[in-house]
Amino acid sequence: MSDLDRPLCRERQIGVLENLLCVPGAKVPPLIFTYGLSATGKTHTVRWLLETRSIKHAVFHCVELYNVRLLYETILLKLTGKVQRCDSANEFINILKKDLHKDEVYVILFEESDRFRDTDLHIRQVFCRLSELTELNISCIWESKIDWTRFQPNRGLPAPFIINFPQYTRSEIQELLVNILPEGRSHQFKENYITMLLPIFYFVTRSLRELQHIAQVNYTSYCAPVEDGQLTEKDTKQLWFNIEQQLNKCISTVNLREVETNQMKELLEKEDEDNAIDKGSAKAASTTTRTTPELPYYSKFLLISAYLASYNPQRTDKRFFVKEHGKQRKSAHSIRAKERYDSKLTGPKPFPLERLLAIFYNIIEESVNPTANIYSQITSLVRLQLITAIGNDTVEQPKYRCNVDFEFAKHVAKNIKFDIQKYLYCQ
Amino acid sequence: ICLIHFYKRRMLKRRSPELDIREVLSKLSRRLAGNLDESFYGQEEKVSFLLDLLKRTVDKGESNSLLILGPHGSGKSALVRHVLAEASKSDQWLENVLLVRLNGFLQTDDKQALKEITRQLHLENVVGDKVFGSFADHLAFLLTSLKVGDKTSKPIIFILEEFDLFCSHRNQTLLYNLFDTAQSRAAPICVIGVSCQIDVTELLEKRVNSRFSHRHLHMMLLEKFDDYYNLLTRISKIDDDTDLAVTWNSHVDSVFKKKDIRDFFEKKIFTFDKTVSHMKHFLYLTLIRMVSNGQSELNLAVLESALADTHTSESADTIMATLTDLSILEICLLIAVKHISDIYENEPFNFEMVYHEYLKFKRRKYSPLPEERSVVLKCWENLQALEFISPKPGIRTTGQQLEYILHTSQLPDGVLKKAVEKYDNCPIEVAQWMSSSLHTCS
């Protein structure tokens, strides 16, 4: 099964791996360590090489390391072809010694091997020294995002052969992206598209996977005018003008992968409507529309009160919420104190239930009976994880902390026509 | 005929070595790549001491125990392998001796150790399903079942690698019983422990310690550079009689006699790490380099480039390589982190503070950068995954919003600055921000 293509732009690494693993009669190094950022082709290159050279190998993803039996049995299955029960490292080594041939080259590839650091020490050591313990020509390739210096435990590990997979350069990414786009258009057309696309997104992410996704998602709309016949392939300027707006909107969803093309279109249309009505709204409003649950009327007020309780210091409550408050003289000290205090940076503070209810009754316009309804709404807010309950003291004085951020609270406040900005101590 | 042969040889030597470097690699890799090689050079007295000890167990039926101690890479396991290979050249050995090899990494438990001993002595059938009262009974049973004919059992050699891990088993039963048997001469056994912990006898319990014969064999790293260099020359040669071996060996000899090569090894390799394993690793890297470049001659250039391959070159290099791979947004976040750490003197920070700092930079100096919180948060999580920023240890993180968890930076000083300088097409505003915090300018 070699459905993998030859990896592009990885010639040097392929050369090194060939020299390590494919020289006939040579002994392979016991431990090879490949590292590089995600989407740099580490697994792809190694697997391609192993499959095209028909080296017997096993691939194991270390997220399954929570159970050692899975580890041993998967590797045994892939290397020997038989399903065998194996509980411990000892049995594993014995079975390998028995079933594998001394002269053949075997390779085990561990993906995300930084998880090895969370397991027992002896498992790490076993897989570093596998060829020594089994006396076979077996090599373990540990692939990871994090470099080797962070792997060193107290007992030394043998020095691995380290291969670095650097991130692709700009020209390499260009070449790779052009290859990904679907067939049907001229090479020049695709190159123009990518050349227009890259500068916008290259700041934010250089990860090939993300850029691929963005390129593919926007390609159809880029091609649309050419499909319709309105423009030819050569009218780069108009094509660019067409796609520019869409790409600019796309930048707010880079790395997030939240929407596929159709949903994206709907969202963009809805945002256009919103923008037409309210010019001042930030682009980020579109993100919150996706995630706001619909809350009942009192719950919205409760949420706002919780936000105010978390982010305003207690001593200022009197000033905000009580009608008769005296004048406050602004001394130099108080101005400086106010400047230093920025709760948005340090995070929400916990508050007792009494304070929440006091603020709640204050901001809600009509008179409300303190029925169990209110309390149950508080509990449901906790369930939705919009407020967190702190501590175990549920009998005397339960304490809470608000979990929503400012954008969310502002959105809810706008919904109920409450000016939250007036009640905040700091901006 | 002799003369023709003589001329042929001279012609071979005069021709520039047409070595197939891949062949050389495949022959030498056996010795250099792994740890299975059975050759061992130098330190003849230790070899003869160990050989003598083993012979006494086998021939005379003496029971002995010995500990081989030394730092990593000093050749303890290599010594054991070599001695066993030497000893097994005599036929008497192969017939009579039973070898049991245990490893502290594999047998993490005394029960497992016992099962492994049973397996290596091929006594599974004999033991069958018997249940034993204690470890001592079981071991005694195993030993008695090996009795041959006239009441003397076969000599067994136990080799315990990673001996210090056996000391952490419960009650040290395996060690106690083995040493007990060695001392009480119930059967002729020889117990050889190999460990990298020099004070491993401190880990032994009193009763075990008293049964141990306190024979030590200390393996040291090579002190003098001359010995090191001779060993280096020796292991770079192929032990064959083929033409390839002859050409290669003479080439190695001539290259290693040069002063600059010798200086290179003395200053760059020997001063850093005196172990033989490092030497082997380095030679292996050199050979791989030569195969990749397609050259078949050793010279200083290829040695230098192989040095750059070892992970012993500054660890900051690997971190810098990763830093130059990040995107601009992530670099900006790291610069913001650095400035905050400078201003607040290494107090832990959270995402909000970093984001605030980043926004200040973006709004004042460099607007093409995106502002969306969710995008920046994703980059933040990327940095966390790469372990450049990690949550402050010891604080509770459950129930806290992601943005407010306190983190600390894991980057060493100065690396970020070098990385920004090396970064391809770094926007100039970012580079300027690196060198001067926004707070200092107007």
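For the structure, check the block above.
Residues numbered from 1 in each chain as written. Chains lettered and ligands numbered in written order. Predicted model: local features only at pLDDT ≥ 70, side-chain atom pairs only at ≥ 80, totals over all residues. Heavy atoms only, no water.

Overview of the sheet that holds strand S8 (residues 399-402) of chain A
All names here are of chain A. Short version of the rule: Two strands are counted as paired when DSSP detects at least two bridges linking them. A run of H or I in DSSP becomes a helix once it reaches four residues, and a run of E becomes a strand once it reaches two; helices and strands are each numbered from the N terminus.
Ordered by their spatial adjacency, three strands build an open sheet running S6-S8-S7, and the pairing between neighbours is antiparallel. Among the strands making up the open sheet, the edge pair consists of strand S6 (351-352) and strand S7 (387-390). Sheet topology note: the S6/S8 ladder contains two bridges and is antiparallel. Paired with Pro352 across the strands is Lys399, a residue of S8.

Thoughts on helix H2 (residues 42-52) of chain A
Residues and elements named next belong to chain A. This is how the line gets drawn: Only protein chains enter the accessibility calculation, which uses a 1.4 Å probe; a residue is then buried when its area is under 20% of its type maximum, exposed when over 50%, and partly exposed in between.
Among the eleven residues in H2, eight count as buried, and that is most of the element. Turning to H2, its buried residues are Lys42, Thr43, Thr45, Val46, Trp48, Leu49, Leu50 and Glu51. Directly after H2, the chain includes Ser54, whose backbone phi takes a positive value near 55 degrees.

A closer look at the nonpolar core
Spelled out, the test is: Nine residue types can take part in a nonpolar core, namely buried Ala, Val, Leu, Ile, Met, Phe, Trp, Tyr and Cys, and a core is a set of them joined through side-chain atoms within 4.5 Å. A contact between two residues is defined here by any heavy atoms of the two lying within 4.5 Å.
A:Ile194, A:Phe201, B:Leu323, B:Leu326, B:Trp380, B:Phe388 and B:Val430 are the most contacted members of the largest nonpolar core, which has 78 residues in total. Broken down by element, this core gets its largest block of residues, ten residues, from helix H18 (residues 328-343) of chain B. Not counting the four nearest positions on each side in its chain, B:Leu323 is found in contact with B:Ile331, B:Leu334, B:Phe388, B:Leu411, B:Val415, B:Leu416, B:Ala419 and B:Tyr423.

With respect to unusual backbone geometry
Working note: non-glycine residues mostly have negative phi, and peptide bonds are mostly trans. Phi angles above zero are rare outside glycine, and A:Lys417 is one such case at about 60 degrees. With a relative accessible area of 76%, A:Lys417 lands in the exposed category. Of note, the phi angle at B:Glu387 is positive, near 65 degrees, even though the residue is not glycine. Looking at where B:Glu387 falls in the secondary structure, it is placed in the loop between helix H20 (373-385) and strand S8 (389-391).

A few points about the sheet that holds strand S7 (residues 216-218) of chain B
All names here are of chain B. Cut-off, in case you're wondering: For helices, the fitted line uses only the C-alpha atoms of the stretch in contact; every axis is such a line through C-alpha atoms, and the angle between N-to-C directions lies from 0 to 180 degrees.
Spatial strand order, S2-S5-S6-S1-S7: five strands in an open sheet with parallel pairing. If you trace the sheet from one side to the other, it starts and ends with strand S2 (98-103) and S7, each paired once. Each adjacent strand pair in this sheet contributes to an overall mean axis angle of 15 degrees, direction not counted. Here strand S5 (residues 156-161) pairs with strand S6 (residues 189-195) via six bridges, running parallel. By the bridge assignment for S6, Phe158 is matched with Val191. Of the strands in this sheet, strand S1 (64-69), S2, S5 and S6 touch helix H10 (residues 173-184), which is tilted by about 135 degrees from S6.

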